[in-house]
Amino acid sequence: MALSQSSNFGKTYSLLMIKSFLIWTFTLAVCLLVVGFPLVVLMATVGCLLSVVLQSVMPVSAVLLVAGGLIMFNVMAVVMAAGLLTLKGVHPKEVKWLSWLHGEAENLQMTTVYAACPLTCEFKE
């Protein structure tokens, strides 16, 4: 009986780790594309310049080599960061700024301010 429970716990833990890794991979990839857009533009510019320089050395596969290298660098960075966060035990539900990922709405206490309110509100004679 104890062996059955420990085996079931191991399966549950491994599934939780895989789920956490996949969520981190998705989240970091989206953040790289959305928030890291200037970084992507910079990498594309450097890649274009590097492929022009390498074109004189190896004219057949310079663009393919540079594009493949940049894509592999981005994929490996996302996978390594997701693996590191998963191995450290940081679950995406523990991170405050990922509330959008879980469908939780932020509680904003906003009061309605009308356009004429600064002129008419708190008007004292």
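Here, every reference points to the structure presented above.
Here is what the cut-offs are and how they apply
Residues numbered from 1 in each chain as written. Predicted model: local features only at pLDDT ≥ 70, side-chain atom pairs only at ≥ 80, totals over all residues. Heavy atoms only, no water. Helix = DSSP H or I, 4+ residues; strand = E, 2+ residues; numbered from the N terminus. Buried < 20%, exposed > 50% of the residue type's maximum accessible area, 1.4 Å probe, protein only. Contact = heavy atoms within 4.5 Å. Areas by Shrake-Rupley, 256 points an atom, 1.4 Å probe, with all protein chains shown as cover.

Trainee: Is there a simple way to think about the overall build of the protein chain in this case?
Mentor: Tallying secondary structure elements over the protein chain gives four helices and zero strands in all. Ordered by position from N to C terminus, the α and β elements of the protein chain give α-α-α-α. Taken over 125 residues, the protein chain has a buried fraction of 15%. Here the analysis covers contacts within the protein chain between residues at least 6 apart in sequence; of these, 67% occur between residues at least 24 apart. A total of about 10300 Å² of accessible surface is found on the protein chain, and carbon and sulfur atoms cover 73% of it.

Trainee: In this structure, what is going on with the side chain of Ser51? I would like to understand it.
Mentor: By the element assignment, Ser51 lies in helix H2 (residues 37–57). Overall, Ser51 belongs to the buried group, its relative accessible area being 10%. Not counting residues within four places of it along the chain, the set of residues in contact with Ser51 comprises Ala62, Val63 and Val66.

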